[in-house]
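What follows is each chain in one-letter form.
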Amino acid sequence: MTIRVALIGNPNVGKSVIFNALTGGRAHVGNWPGKTVEKKEGICRYKGERIEVVDLPGTYSLTAHSIDELIARDYIVKEKPDVVIDIVDASNLERNLYLTLQLLELEANVVVALNKFDVAESLGYEIDVQELSRILGVPVVPTVATEGKGLRELLEAVVESAKGRKRVITVSYGKAAEELISKIEKAILKDRGLSSRYPTRWLAIKILEGDEEVLKEVERSPYKSEILEIIQ
Ligand SMILES: Nc1nc2c(ncn2[C@@H]2O[C@H](COP(=O)(O)OP(=O)(O)OP(=O)(O)O)[C@@H](O)[C@H]2O)c(=O)[nH]1
Ligand SMILES: [Mg+2]
């Protein structure tokens, strides 16, 4: 079996160190189709599994505001990798978990690598890894990429998650927003073309946010006026 894995994370969290450690530094380097942004791909073998690893551009978020964010988001939505390794800087959890929540909203099959765990420890941070994993509903593995620590456990979690995910958590945005989200979702569900390609809750949230790329999709929907009427 081949497992397709994408690496994602904020800038400077250790993506390249992890990519090199997993792939032995042997990468195929090219560009993303039609873009001048570098695309790195490599192969990792673990316990008889062939794992294809793609390094996504470093990004804080998955809005449509920058080319890097769009590349990362399109890849996850359209290519649907089996597992997304979300590399999180353990010494900067709050900022980094924003991207994690966006990935969960996209219904990506996430495994969190809690990297720079040594830095977090030296700052005196005590992270309850199990509790974090319970709250997020995905595996969380502490790593120190520069020392190769935790990478075997990370691969173990990746192989395990590729076999099947447990559940998807949802973040509640409060009563008023949730009412609108569910109305929009109902309208979206009528459009099979749209709802078969994207997670409907994610689409509804993006429509509420006024996401330009998603609104372009709505423009093409036969249920366009119904959807737009809700957000008016
Ligand atoms: N102490 C410590 N340093 C780390 C760890 N992982 C990576 N680093 C260091 O963090 C810096 C950034 O690592 P990179 O792998 O280049 O990070 P990146 O996410 O690829 O960064 P961009 O590609 O610029 O977004 C480097 O100086 C690494 O040596 C870790 O677990 N602990
Ligand atoms: Mg890098």
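Since we're looking at a predicted model, the values are computed, not measured.

(A) Up close: the overall build of the chain. Per the secondary structure count, the chain includes 11 helices and 7 strands. Taken over the C-alpha trace, the chain has a radius of gyration of 18 Å; the compact-globule value for 232 residues is 17 Å, and the two agree within 12%. Based on the C-alpha atoms only, the size of the chain along its principal axes is roughly 55 × 40 × 30 Å. In the chain, buried positions account for 49% of the 232 residues. Put simply, of all contacts in the chain between residues at least 6 apart along the chain, 66% involve residues at least 24 apart. Accessible surface, the chain as shown: approximately 11,900 Å² in total, 49% of it carbon and sulfur. For the chain, the separation between the mean place of its 32 positive charges and that of its 36 negative charges on side chains is 4 Å.

(B) Quick peek at the nonpolar core. Formed by 47 residues in total, the largest nonpolar core has its most connected members in Ile-8, Leu-56 and Leu-114. Counting residues domain by domain, this core receives three or more from each of domain 1 (2-163) and domain 2 (175-231). In this view, Ile-8 contacts Lys-15, Leu-56, Thr-59, Leu-62, Ala-72, Ile-76, Val-84, Ile-85, Asp-86, Ile-87, Leu-99 and Leu-103; residues no more than four positions away in its chain are not counted. Judged by nonpolar contacts, the second largest core, of 24 residues, contains Leu-7, Cys-44, Val-83 and Leu-151.

(C) Focus on the side chain of Gln-102. Residue position: Gln-102 is located in helix 3 (residues 93-105). For Gln-102, the side chain forms a polar contact with the side chain of Tyr-98, separated by 3.1 Å. Those residues within four positions of Gln-102 in sequence are excluded, and the remaining contacts are Ser-61, Leu-62, Thr-63 and Lys-206.

(D) Representation of the packing of aromatic side chains. Applying the stated criterion across every chain yields a total of 2 aromatic pairs. Their ring planes at 75 degrees and their centres at 5.6 Å tell us that Trp-32 and Tyr-75 sit as a pair that is edge-to-face. With Trp-32 in the loop between strand 2 (27-31) and strand 3 (38-46) and Tyr-75 in helix 2 (residues 67-79), this residue pair connects regions lying 43 residues apart in the sequence. We note that Trp-32, like Tyr-75, is buried.

(E) Structural context of the site of ligand 1. Of all residues adjacent to ligand 1, which total 14 residues, the nearest are Asn-12, Lys-15, Ser-16, Val-17 and Asp-118. For ligand 1, an oxygen atom lies 2.8 Å from a polar atom in the side chain of Lys-15. Contact between ligand 1 and Thr-146: a nitrogen atom at 3.4 Å from a side-chain N or O atom of the residue. Secondary-structure elements contributing two or more residues to the shell around ligand 1 are helix 1 (15-23) and helix 4 (117-122). When residues of the shell around ligand 1 are assigned to their parent elements, the largest contribution, 3 residues, is made by helix 1.

(F) Expanded view of the packing of helix 9 (residues 200-209) against helix 10 (residues 212-219). Look at helix 9 against helix 10: their axes get within 8 Å of each other, and the N-to-C directions meet at 105 degrees. Considering their axes alone, helix 9 and helix 10 lie roughly perpendicular with respect to each other. Judged by residue contacts, Trp-202, Leu-203, Lys-206 and Ile-207 of helix 9 engage Val-214, Leu-215 and Val-218 from helix 10. Tallied by class, residues from the contact of helix 9 with helix 10 come to 6 nonpolar, no polar and 1 charged.

Rules used throughout
- Residues numbered from 1 in each chain as written.
- Chains lettered and ligands numbered in written order.
- Predicted model: local features only at pLDDT ≥ 70, side-chain atom pairs only at ≥ 80, totals over all residues.
- Heavy atoms only, no water.
- Helix = DSSP H or I, 4+ residues; strand = E, 2+ residues; numbered from the N terminus.
- Rg over C-alpha atoms; globule rule 2.2 N^0.38 Å.
- Buried < 20%, exposed > 50% of the residue type's maximum accessible area, 1.4 Å probe, protein only.
- Contact = heavy atoms within 4.5 Å.
- Areas by Shrake-Rupley, 256 points an atom, 1.4 Å probe, with all protein chains shown as cover.
- Lys, Arg positive; Asp, Glu negative; His and termini not counted.
- Charge placed at Lys NZ, Arg CZ, Asp CG, Glu CD.
- Core = buried A, V, L, I, M, F, W, Y, C linked by side-chain atoms within 4.5 Å.
- Domains from an automatic or database assignment.
- Polar contact = N/O pair within 3.5 Å; in protein donor to acceptor, adjacent residues only side chain to side chain.
- Phe/Tyr/Trp six-rings, centres within 6.5 Å; stacked < 30°, edge-to-face > 60°.
- Near = heavy atom within 4 Å.
- Axes fitted to C-alpha atoms, helices over the stretch in contact; angles between N-to-C directions.
- Parallel < 35°, antiparallel > 145°, perpendicular 65-115°, else oblique.
- Nonpolar A, V, L, I, M, F, W, Y, C, P; charged D, E, K, R; others polar.

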